[in-house]
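# Geometric and topological summary
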Amino acid sequence: MAMVSLARRRAADALFLRRPQAAAWSSALRAYAASGEESDVVVIGGGPGGYVAAIKAAQMGLKTTCIEKRGTLGGTCLNVGCIPSKALLHSSHMYHEAENSFAHHGVKFSNLEIDLPAMMAQKDKAVAGLTKGIEGLFKKNKVDYVKGSGKFVSPSEVSVDLIDGGSTTVKGKNIIIATGSDVKSLPGITIDEKKVVSSTGALALTEIPKKLVVIGAGYIGLEMGSVWNRLGSEVTVVEFAPDIVPSMDGEIRKQFQRMLEKQQMKFMLKTKVVGVDTSGSGVKLTVEPAAGGEQTVLEADIVLVSAGRTPYTAGLGLDTIGVETDKGGRILVDKRFMTNVNGVYAIGDAIPGPMLAHKAEEDGVACVEFIAGKEGHVDYDTVPGVVYTHPEVASVGKTEEQVKASGVPYQVGKFPLLANSRAKAIDDAEGLVKVVSEKETDRILGVHIMAPNAGEIIHEAVLALQYGASSEDVARTCHAHPTVSEALKEACMQTYSKAIHI
Ligand SMILES: Cc1cc2nc3c(=O)[nH]c(=O)nc-3n(C[C@H](O)[C@H](O)[C@H](O)COP(=O)(O)OP(=O)(O)OC[C@H]3O[C@@H](n4cnc5c(N)ncnc54)[C@H](O)[C@@H]3O)c2cc1C
Ligand SMILES: NC(=O)c1ccc[n+]([C@@H]2O[C@H](COP(=O)([O-])OP(=O)(O)OC[C@H]3O[C@@H](n4cnc5c(N)ncnc54)[C@H](O)[C@@H]3O)[C@@H](O)[C@H]2O)c1
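Basis of the calculations
Residues numbered from 1 in each chain as written. Chains lettered and ligands numbered in written order. Predicted model: local features only at pLDDT ≥ 70, side-chain atom pairs only at ≥ 80, totals over all residues. Heavy atoms only, no water. Helix = DSSP H or I, 4+ residues; strand = E, 2+ residues; numbered from the N terminus. Rg over C-alpha atoms; globule rule 2.2 N^0.38 Å. Buried < 20%, exposed > 50% of the residue type's maximum accessible area, 1.4 Å probe, protein only. Contact = heavy atoms within 4.5 Å. Areas by Shrake-Rupley, 256 points an atom, 1.4 Å probe, with all protein chains shown as cover. Near = heavy atom within 4 Å. Polar contact = N/O pair within 3.5 Å; in protein donor to acceptor, adjacent residues only side chain to side chain. Pairing = 2+ DSSP bridges. Axes fitted to C-alpha atoms, helices over the stretch in contact; angles between N-to-C directions. Core = buried A, V, L, I, M, F, W, Y, C linked by side-chain atoms within 4.5 Å. Parallel < 35°, antiparallel > 145°, perpendicular 65-115°, else oblique. Left-handed = near helix turned anticlockwise from the far one by under 90°.

A count of helices and strands for the protein gives 16 helices and 21 strands. Since a compact globule built from 502 residues should have a radius of gyration of about 23 Å, the 25 Å found for the protein is in line with a globular shape. Seen along its three principal axes, the alpha-carbon backbone of the protein occupies a region of about 70 × 60 × 50 Å. Looking at the protein as a whole, 51% of its 502 residues qualify as buried. Considering only contacts in the protein between residues 6 or more positions apart, those separated by 24 or more positions represent 63%. Of the roughly 22,900 Å² that the protein leaves accessible, carbon and sulfur atoms contribute 53%.

Structure (structure tokens):
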């Protein structure tokens, strides 16, 4: 592929120059940097945002270097996030099914056991295989991989403390910050990763806790809570807000909570943790109503802190080059992912927007396309979200509450899984599909699915939103029978007309 000409890149640079400070850095230091061996693109961080950006840049013919301090590629997602959590969610689901559902299907056995070390080993094997795979992709695409911690010394130079000792300086015409996020700590609560753990500790417990208290009913709390609940822990989730997953469609959220309660998870909503005592053999948590009131003490073997994540930029030297952040520490970027400093870009969890791996990947590709002088594009209105419980809960677009608040007249279609033949056949019929479309045009505005494999089914809805489809467009599309996807077709029928099977 043809390399982007320097003249074109300079023209692009000139276009994005927004501050005198940026201009000063650009002329003096870029001239200096040009005297050494420099990459076209340097990426700091090898997570889904960073490694995808690096591969894309190399594929576009740009000389590319990626700096990663973890020792393995794949970032939070592959090492301590999406992948290990989904491995444990699957293993624990199999155990839970064997314990609770197999007999209904006429499959009987004795001596069902959990081998926790084997479960963890399968998770670790999946992680190791995938992270090594990214290293292979770097080699294949000729991305230079520097193992160490990067720090800006100028907008075009990053000094790296190498994992194996010593240091080096990496120079780049364009530098992308893809350093991701870290767990948000709560005042007065110290995460020791033994008794008070973050998601990282919760993914590597060596014993099944008898009692687990989860702080925060968001993605991590409900997924990791589900894992340990299925394996036998008594799980209590303490949530500050009045609802679990506050960003979810209200109707779906209510059914989701009922479903989790049926699975024996307990919820204390509108509740805050005011103290944690780890001095004894377990943990004692003092909680009180969010609005204030009588305090209660909860006892736990393990406490999981999952009250959100915060951008990770510590030690990166943002102050040295003057990169602007918002109050929450997220790096501010323009439409082309460039910060206020010319030639310095940021993507993924480190910038505003949903903290999701697929969003970080989209950012990475678009950012590199802009750097290469082309047009990049990320449609943040069609980024799907999936909670990988069982059943899964997936959504794209606007909730009914958001559409109502926007004042746009709308219509809603719903279809329960109880009326879906595949869900009934496999005895997994808890859930529903809900579609919200604009009344005047029937254009789909949001789709919300609680169903087995909702995280796969949702992509039909993502595509529909992306192409501006109406609910009738989806309803008139032939769907294979018997599939759970037919519930989406029927919900769409119900949106503009009437479903057949209810
Ligand atoms: C338990 C858990 C489960 C999750 N599950 C999902 C899921 O199922 N689906 C989903 O979409 N998202 C999930 N996420 C969120 C997802 O992991 C993140 O959105 C995603 O990893 C963000 O990608 P990123 O590239 O921006 O940052 P990260 O993946 O955080 O990668 C940043 C990398 O930069 C490195 N780094 C930081 N500073 C420096 C430095 N100075 N020098 C060199 N390297 C540096 C870090 O070591 C890290 O490897 C989950 C997160 C957690 C914690
Ligand atoms: N399946 C997935 O895609 C997936 C899985 C795991 C994590 N993630 C990503 O990781 C990020 C972090 O996950 P998370 O679950 O930690 O955050 P989250 O933002 O999803 O949920 C945090 C929850 O904690 C609550 N909370 C905040 N402060 C609290 C307090 N003091 N006491 C009690 N509750 C409190 C919030 O109201 C919220 O419900 C999310 O943004 C998510 O995008 C995604």
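Turning to the site of ligand 2, a few remarks are in order. Residues in contact with ligand 2 amount to 21 residues; listed here are only the nearest, I220, E223, E239, M355 and V386. In this structure, G308 approaches ligand 2 through a main-chain N or O atom, which is 2.9 Å from an oxygen atom. V386 is positioned such that a nitrogen or oxygen atom in its backbone is 2.7 Å from a nitrogen atom of ligand 2. The protein chains hide 77% of the 840 Å² of surface that ligand 2 would expose on its own.

A separate point is the sheet that holds strand 12 (residues 283-289). Pairing is antiparallel across the open sheet formed by three strands, whose spatial order is 11-12-13. Across the chains shown, the open sheet's two edge strands, defined by having one partner strand only, are strand 11 (271-277) and strand 13 (296-300). Pairs of neighbouring strands in the sheet enclose a mean axial angle of 30°, with direction left out of account. Judged from the six bridges that link them, strand 11 and strand 12 form a sheet pairing that is antiparallel. For T271, the partnering residue across the bridge sits in strand 12 and is P289.

A word on the nonpolar core. In terms of nonpolar packing, the biggest core is built from 52 residues, with I67, F138, F152, I176, I177, I331 and F337 touching the most fellow members. Take this core: its biggest share by element is seven residues, from helix 3 (residues 48-59). Not counting residues within four places of it along the chain, the set of residues in contact with F138 comprises Y51, A54, I55, C66, L73, V143 and Y145. Counting residues in each nonpolar core, the second largest holds 35 residues, with L88, Y95, L222 and I252 among its members.

This next bit is on the sheet that holds strand 21 (residues 444-451). Across a sheet, strands are paired by hydrogen bonds formed along the backbone, either parallel or antiparallel in direction. Taken in spatial order, the five strands of this open sheet run 17-18-21-20-19, and their pairing is antiparallel. Each of the sheet's edge strands pairs with one partner strand only, and the pair in question is strand 17 (385-387) and strand 19 (410-416). Sheet twist, expressed as the average angle between the axes of neighbouring strands with direction ignored, equals 10°. Where strand 17 and strand 18 (residues 392-397) come together, three bridges link them in antiparallel fashion. Looking at the pairing, V387 lines up with V393 of strand 18.

Take unusual backbone geometry next. Of all residues except glycine, most have a negative phi; of all peptide bonds, most are trans. With an omega dihedral of -5°, the bond running from H390 to P391 counts as a cis peptide bond. Between H481 and P482 the backbone carries a cis peptide bond, its omega angle lying at -5°. Tracing the backbone shows P482 in the loop between helix 15 (471-475) and helix 16 (486-496). Unlike most non-glycine residues, K142 shows phi in positive territory, near 60°. Tracing the chain through its elements places K142 in the loop between helix 6 (116-141) and strand 3 (144-154). For K142, a relative accessible area of 68% translates into the label exposed.

For the pair helix 3 and helix 6, the least separation of the axes is 9 Å and the interaxial angle reads 20°. The angle between helix 3 and helix 6 places the two elements in the roughly parallel class. For the pair helix 3 and helix 6, the crossing hand works out as left-handed. For the pair formed by helix 3 and helix 6, the contact residues are Y51, A54, I55, A58 and Q59 on the first element and I134, L137, F138 and N141 on the second.

Our next topic: the pairing of strand 5 (residues 167-177). Two strands pair when backbone bridges link them, and strand 1 (residues 38-44) and strand 5 are joined in this way by six bridges, in the parallel orientation. Across the sheet, residue V42 finds its bridge partner in strand 5, namely I175. As paired strands, strand 4 (residues 157-162) and strand 5 are joined by five bridges and run antiparallel to one another. Bridging from a neighbouring strand, E157 pairs with K171 of strand 5. In sequence, strand 4 turns back onto strand 5 through a hairpin of four residues, with G165 there showing a positive phi of about 105°. As defined by bridge partners, strand 5 adjoins strand 16 (residues 344-346) across three bridges and the pair is classed as parallel. Of the residues in strand 16, the one forming a bridge with I177 is A346.

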